[in-house]
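Structure at a glance
Next come the chains, spelled out residue by residue.
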Amino acid sequence: MYTLSLNLGYESSNLGHLLGVQEFMYKFGYRTSAGTWVISTTDQQLLTIAGFIGLGGAAIATGILSDFLGRRKTILLGCLLCFGGIFLQFFAQSIMMLFGGKILSGLGYGLGHSIGPVFVAEIAPVRFRGVCLSIVNVTITLGQWCNALAIYFCQNLSSDMAWRIPVVTQVLFPTVLLLIGIPFLPESPSWLVFNGKLDDAAKSLRVFNGKDYDTDKAIQILETALEEAKQAEEKKARWIETIQGVNRRRTLLSCMGFACQQLIGASFMAGYVSYFFVLAGVHNPFGMGQMVYSFELLGNMCAWPLIERVGRRRILLSGMIFMTTTLLITGCVSLIKGSAALKAIVSLMTIWAFVYQMTAGAVVFAIAGETPSPRLRQKTFALNVTTANILSTVVQLVLPYLINTDKANLGGKVAFVFFGPSVPCCIYLYFCLPEMKGRNVAEIEEMYRKKLPARKFGDYKCEVTTVGSNYDKELEC
């Protein structure tokens, strides 16, 4: 279910890596008066906007398509769109062909990325839900690392294959999903219950949990949660409901998690770290990029045992405070010239990347998956992806002006740019982020419906216990 998130990670970092490949610069760039080859800032922005259009369009379309077609068929459509976009980029002869290919593939992996966490939130047992949702960030990081590896091994080829091979390599992910995943993937039980297909929902639950699984109790919980969410309104969810009443709070919290990722510098580390190392004069910049991605993956794995033991609030808040402090230190160190300062900056960026993946990178997906109302979950997550996409695009449009040597050339001082907005993000999370560890969907519905302050979520005793608590006890066995 997370396979197309590999494409998201791969594609989101691809442009930043290709900017360090000479054959790509020769094909689409120009030679400056100083004798160096560069891609114009306008073309960089155009390719960045292509990703925004594709992913943004997918985020909106997913909420409609998944309600109409179901989760499984939406993922299948995403695979087919990915194929078209990847091959259009592979055969590209101009920036505009790359532009079109990025839009098409963005639509494809955007559908998969938007539906994956929603699907998992609907099928994962309560005690494993946080870990299962955090895995989406692992796949994004793996996609980024796979892209960096492809660039690393192809960078010295003396032909267009130096950049075409890294572009087409990502076709592996939707191919595996299409051949191995889709044929054996059942439909979401929640979607089936919501559409009145209870027998099919029972079959789907047995696929995920085994043939001896008590589907009657599981379906009863789903029906209870959906009934709480409907609130005697129409059966079909409307977009406007995501910002009405108590759902406004839930939507804002979900979107703010992804906003915090971008405002603290996630897009810079994901897409421009190797290019930054090239501009900074770091020896073997692509090799150093491999080191950063390896630490990111390690950080992801460290989050798995923590997310259900420590809780979402404590992990995210402590991580944000640490990363904010690290940004301030990095900016101050960059004011010092010399090789020692450069080594310190690389070390600080690596530590930042590790902590990010262990905290904000992993936990935000858990929060986004369990915060929305069940009947508005897909539409709310579409708004989450749109929020992240808009902010990521803005950051990536501005970054060339900040770090390119023919523009502001800030170097490590770019950390100050991200330090500014990260401070209010920490303040917001402190006052507004509740703890939802160990809660089932019916309990979360009750706490939001009663408008509990964030600080009271952790200790609140829910009234919805008849089905939910018995069900959770069985899961613990």
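Sequence order as written defines the numbering, with residues in each chain counted from 1. It should be noted that, the model being predicted, local features are given only for residues of pLDDT at least 70 and side-chain atom pairs only at 80 or more, the latter also being counted only at that level, while totals for whole chains, interfaces and linings use all residues. As a rule here, side-chain values come from all non-hydrogen atoms in the structure, and water together with hydrogens is ignored.

Digging into the overall build of the chain
Which entries qualify depends on this criterion: In this description a helix means any DSSP run of H or I spanning at least four residues, a strand means any run of E spanning at least two, and both kinds are numbered starting from the N terminus. Taken over C-alpha atoms, the radius of gyration is set against a globule rule of 2.2 Å times the number of residues to the power 0.38. For the exposure calls, accessible area comes from a 1.4 Å probe over protein chains only, and a residue counts as buried if that area is under 20% of its type's maximum, exposed if over 50%, partly exposed in between. Only heavy atoms enter the contact rule, under which two residues are in contact if any of them lie within 4.5 Å. Accessible areas in this description were obtained via Shrake-Rupley with a 1.4 Å probe; residue shielding takes into account the shown protein chains only.
A tally of helices and strands in the chain yields 22 helices and two strands. In terms of C-alpha radius of gyration, the chain reaches 22 Å, essentially the compact-globule figure of 23 Å for 477 residues. The burial tally for the chain puts 58% of its 477 residues in the buried class. Contacts spanning at least 24 positions in sequence make up 78% of the contacts within the chain whose residues lie at least 6 apart. If you sum the accessible surface of the chain, you get close to 18900 Å²; carbon and sulfur atoms cover 65% of it.

As for the state of the cysteines
Two cysteines whose sulfur atoms are joined by a covalent bond form what is called a disulfide. Using the following cut-off: The disulfide criterion used throughout: a pair of cysteine sulfur atoms within 2.5 Å.
A full pass over the atoms with the stated rule returns zero disulfides. Not part of a disulfide, Cys 260 finds its nearest cysteine sulfur in Cys 425, a span of 3.6 Å. Exposure remark for Cys 425: the relative accessible area of 4% places this residue in the buried category.

Let's talk about the side chain of Ser 422
Stated precisely, the cut-off is as follows: In the analysis that follows, any N or O atom pair within 3.5 Å is treated as a polar contact, provided that within protein one partner can donate a hydrogen and the other can accept it, and provided that, for residues neighboring in sequence, both atoms belong to side chains.
Secondary-structure assignment places Ser 422 in helix α20 (residues 414–432). Within the structure, Ser 422 has its side chain in polar contact with the backbone oxygen of Phe 419 (distance 2.7 Å). Filtering out sequence-adjacent residues up to four positions away, Ser 422 remains in contact with Ile 264, Met 320, Thr 324 and Leu 327.

Remarks on the packing of aromatic side chains
Our working definition: Aromatic pairs are defined between Phe, Tyr and Trp rings, using the six-membered ring for Trp, whenever the two ring centres lie within 6.5 Å; interplanar angles under 30 degrees are classed as stacked, those over 60 as edge-to-face, and all others as tilted.
Evaluation of the coordinates by the stated rule reveals 13 aromatic pairs. Centre to centre, the rings of Phe 28 and Trp 163 are 5.2 Å apart; their planes meet at 70°, and the pair counts as edge-to-face. One end of the pair, Phe 28, is in helix α2 (residues 22–28); the other, Trp 163, is in helix α7 (residues 161–168), and 135 residues separate them in sequence. Among the residues examined, Trp 163 registers a relative accessible area of 0% and is labelled buried. Ring centres of Trp 352 and Tyr 356 lie 5.3 Å apart, and the angle between their planes is 5°; on these two criteria the pair is classed as stacked. Of the two residues, Trp 352 and Tyr 356 are both situated in helix α17 (residues 339–358); the distance of four residues between them amounts to about one turn of the helix. Taken together, the aromatic side chains of Phe 24, Phe 28 and Trp 163 make up a single cluster linked through ring pairs.

Thoughts on unusual backbone geometry
Look at Asn 409: it is not a glycine, yet its phi comes out positive at around 50°. Tracing the chain through its elements places Asn 409 in the loop between α19 (377–403) and α20. Backbone geometry at Lys 451 places phi at a positive 55°, although glycine is not the residue there. In this structure, Lys 451 sits in the loop between α21 (441–449) and α22 (468–476). With a relative accessible area of 63%, Lys 451 lands in the exposed category.

Focus: the pattern of salt bridges
For side chains of opposite charge, pairing can occur when their charged atoms come near one another. The criterion, for reference: For this analysis, a salt bridge means a side-chain nitrogen from Lys or Arg found within 4 Å of a carboxyl oxygen belonging to Asp or Glu.
Within the structure shown, the criterion is met by seven salt bridges. Here Asp 160 makes a salt bridge to Arg 164, at a shortest N to O gap of 3.4 Å. Overall, Asp 160 belongs to the partly exposed group, its relative accessible area being 24%. Using a relative accessible area of 7% as the deciding quantity, one classes Arg 164 as buried. The network of salt bridges with shared partners includes Lys 27, Asp 160 and Arg 164.

Let's talk about the confidence of the model for the chain
What counts, and what does not: Confidence of the predictor in every single residue is expressed as pLDDT, which spans 0 to 100.
Mean pLDDT over the chain: 84, with 93% of residues reaching 70 or higher. Per-residue pLDDT stays below 50 along residues 466–477; that stretch engages in 18 contacts with residues further than four places along the chain or on separate chains.

Looking at α20
Rule in force here: The span one expects for a helix is its residue count, reduced by one, times 1.5 Å.
Relative to the 27 Å expected for 19 residues at 1.5 Å per residue, α20 spans 28 Å between its end C-alpha atoms, a close match to the ideal helical length. Within α20, burial applies to Val 414, Ala 415, Phe 418, Ser 422, Cys 425, Cys 426, Tyr 428 and Leu 429.

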